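# Observations on the model geometry
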Amino acid sequence: NPASKDPTYLGETSSSVLKGLQSADPDAVWLMQGWLFLSGFWGPDEMKAYLNVIPNNKMIILDLDSENRPIWQKSQSYYGKPFVWCLLHNFGGTRGLYGDLSRIATGPLAANAASGSTMDGIGITMEAIEHNPIVYELMLEMGWRSLSFDLGEWVQQYAVRRYGGKSEALSRAWHILQTTLYTVSSVSKSQVEVRPAITMNKPYSSNTTALVEAWRLFVQGSSEVKPVGPFQYDLVDVTRQALLNLFTDFHSLFMVAYQRYQLHHVNSSLEFKSIVSPMMEIIEDLDKLLGSDINFLLGTWTETARSWGDTVEEKNQLELNARNQVTLWGPRGNIEDYASKNGVVVYVEFHGLIVFFT
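Okay, so let's go over this structure. (Residues numbered from 1 in each chain as written. Predicted model: local features only at pLDDT ≥ 70, side-chain atom pairs only at ≥ 80, totals over all residues. Heavy atoms only, no water.)

Of the regular secondary structure elements, the protein chain holds 14 helices and four strands. In terms of principal-axis extent, the alpha carbons of the protein chain reach across some 70 × 50 × 50 Å. Here the protein chain, with 358 residues, has 48% of them falling under the buried criterion. For the protein chain, the computed accessible surface area is about 17,700 Å², with 55% contributed by carbon and sulfur atoms. Here the protein chain carries 28 positive and 38 negative side-chain charges, and the mean point of each set is 2 Å from the other. (Helix = DSSP H or I, 4+ residues; strand = E, 2+ residues; numbered from the N terminus. Buried < 20%, exposed > 50% of the residue type's maximum accessible area, 1.4 Å probe, protein only. Areas by Shrake-Rupley, 256 points an atom, 1.4 Å probe, with all protein chains shown as cover. Lys, Arg positive; Asp, Glu negative; His and termini not counted. Charge placed at Lys NZ, Arg CZ, Asp CG, Glu CD.)

What follows is the structure, given as structure tokens:
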């Protein structure tokens, strides 16, 4: 936060930023994240003092998390500054089947139609994009839409386009996914992709029954469409989520058994084994499943990073960064597991989980 709420101080601070930009380029336009205004420091008076000294044609603001925290709504469209309606969606590339499709299909339209709106476009500000392709396809299409539409019909047409043909089973599967998993804007990390512990937070688990039914329909639909890459990816992804939900259920049983052992000091080794054994099978199944699709391989992740380097030294550094991101994040485990991904880290954490639970 700035050092003072004094209006003159705030105005001089933002003016100095623009002057700095214009010293390098007289035609510079300040593209600013609106994220800072989430702080309680910024009331209407403070925001006006900071923004109003900048000409409207010299600033564009990214409303960074419009689908969840639309600052434009509480600031009269940033008091006249053009803003971009942005989809944040994820932090660290958290994998899962999620994204509020309804909010994405209506939010930009509502913002653009609002009285006095200064909305200037749409944007995507996610920290990773290699998952939930339906979310980003819909969001980027919103830049071409000005009228409301039938989201259910759009999802059905999305499936036809994605798989190259119509399938009754896949049509039903996507209806289930649209009305259950794709009604939430975020999820927690699965227990398989974080450091193991006796007590772990139970991640948000999408409607498990609905997910299993969607998975069965995907399996059924595999005989109705060509086994193209997008279908294989989606089948693996839905199966992955179903297995992770099942792992969470078993871990809940594991915690109950452990707590019972702590309270009564009863030898519960047989009970533990009956729970841990299927947990290990799930991890092994995940390992085999994710190894069947190039998009979930650790080698794909690291080799793509290396491809950006020109020298061996650059390639090695980029691979180190890629490995560090999905494990420690910083040199000393600064934000462990922040960007872990079960598509990648299941291979890194695999043996740690087995050793821990056995």
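On inspection of all chains with the given rule, the structure shows three cavities of 30 Å³ or more. Size it by volume and the second largest cavity reaches roughly 70 Å³. Forming the walls of the second largest cavity are Leu-97, Asn-132, Pro-133, Tyr-158, Trp-174, Leu-177, Tyr-182, Phe-218, Asp-234, Asp-237 and Val-238. Elements represented by at least two residues in the lining of the second largest cavity include exactly α8 (168-179) and α10 (229-264). Looking at which element gives the most residues to the lining of the second largest cavity, the answer is α10, with three residues. (1 Å grid on protein atoms, 1.4 Å probe; cavity = no way out; pocket = protein on both sides within 12 Å on 5 of 7 lines; lining within 4 Å. Points joined across faces, edges and corners; volume = space filled by probe spheres on them.)

A few words now on the packing of aromatic side chains. How two aromatic rings sit relative to each other is set out by the distance from centre to centre and by the angle between their planes. Tallying each qualifying case throughout the model produces 19 aromatic pairs. Ring geometry for Trp-42 and Tyr-50: centres 5.2 Å apart, planes at 65°, overall edge-to-face. One exposure class covers both Trp-42 and Tyr-50, and it is buried. For the ring pair Trp-72 and Phe-83, a centre distance of 5.7 Å and an interplane angle of 10° mean the geometry is stacked. Of this pair, Trp-72 sits in helix α3 (residues 71-74) while Phe-83 sits in strand β3 (residues 83-87), and the two are eleven residues apart along the sequence. For the pair Trp-72 and Phe-83, one class covers both residues: buried. Each residue in the set Trp-30, Phe-37, Phe-41, Trp-42, Tyr-50, Trp-72, Tyr-78 and Phe-83 is aromatic and connected to the rest through ring pairs, giving one cluster. Just above the ring of Phe-41 sits the side chain of Lys-5; from NZ or CZ to the centre is 4.5 Å. (Phe/Tyr/Trp six-rings, centres within 6.5 Å; stacked < 30°, edge-to-face > 60°. Lys NZ or Arg CZ within 6 Å of the ring centre and 35° of its normal.)

For the rest of this paragraph, the subject is the layout of surface pockets. Of the pockets and cavities examined, the largest pocket occupies roughly 600 Å³. At the level of elements, α10, α12 (298-306) and α13 (312-325) are the ones that each hand at least two residues to the lining of the largest pocket. Split by residue class, the lining of the largest pocket holds 16 nonpolar, ten polar and five charged. (Nonpolar A, V, L, I, M, F, W, Y, C, P; charged D, E, K, R; others polar.)

Strands in a sheet are paired, the pairing made by backbone hydrogen bonds, and the direction either parallel or antiparallel. Pairing is parallel across the open sheet formed by four strands, whose spatial order is β1-β2-β3-β4. Lying at the two open borders of the sheet, with one neighbouring strand each, are β1 (30-33) and β4 (119-124). On average, each strand axis in the sheet is tilted by 25° relative to the strand beside it, whichever way the strands run. Both β3 and β4 contribute to a ladder of five bridges, which runs parallel. Paired with Val-84 across the strands is Gly-121, a residue of β4. (Pairing = 2+ DSSP bridges. Axes fitted to C-alpha atoms, helices over the stretch in contact; angles between N-to-C directions.)

The subject of this paragraph is the pattern of salt bridges. Counted according to the given criterion, the structure contains ten salt bridges. With a shortest N-O distance of 3.4 Å, Asp-100 and Arg-103 are connected by a salt bridge. In this structure Asp-100 comes out as buried when scored by relative accessible area, which is 12%. A salt bridge links Arg-162 to Asp-234, with the nearest nitrogen and oxygen atoms 2.7 Å apart. In this pair, Arg-162 is assigned in helix α7 (residues 151-163) and Asp-234 in helix α10, connecting sequence segments 72 residues apart. Just as Arg-162 is buried, Asp-234 falls in that class too. (Salt bridge = Lys/Arg side-chain N within 4 Å of Asp/Glu carboxyl O.)

Attention now goes to the side chain of Thr-118. Looking at where Thr-118 falls in the secondary structure, it is placed in the loop between α5 (101-113) and β4. In terms of polar contacts, Thr-118 uses its side chain to reach the backbone carbonyl oxygen of Ser-77, at 3.0 Å. Not counting the four nearest positions on each side in its chain, Thr-118 is found in contact with Ser-77, Gly-80, Lys-81, Pro-82 and Phe-83. (Polar contact = N/O pair within 3.5 Å; in protein donor to acceptor, adjacent residues only side chain to side chain. Contact = heavy atoms within 4.5 Å.)

So, on to the nonpolar core. Membership of the largest hydrophobic core comes to 57 residues, with the highest contact counts inside it found for Phe-37, Leu-51, Tyr-78, Ile-134, Trp-174, Leu-177 and Phe-218. In contact with Leu-177, not counting residues within four places along its chain, are Tyr-182, Leu-211, Ala-214, Phe-218 and Val-238. Membership of the second largest hydrophobic core comes to 19 residues, among which are Val-192, Leu-244, Leu-286 and Leu-290. (Core = buried A, V, L, I, M, F, W, Y, C linked by side-chain atoms within 4.5 Å.)

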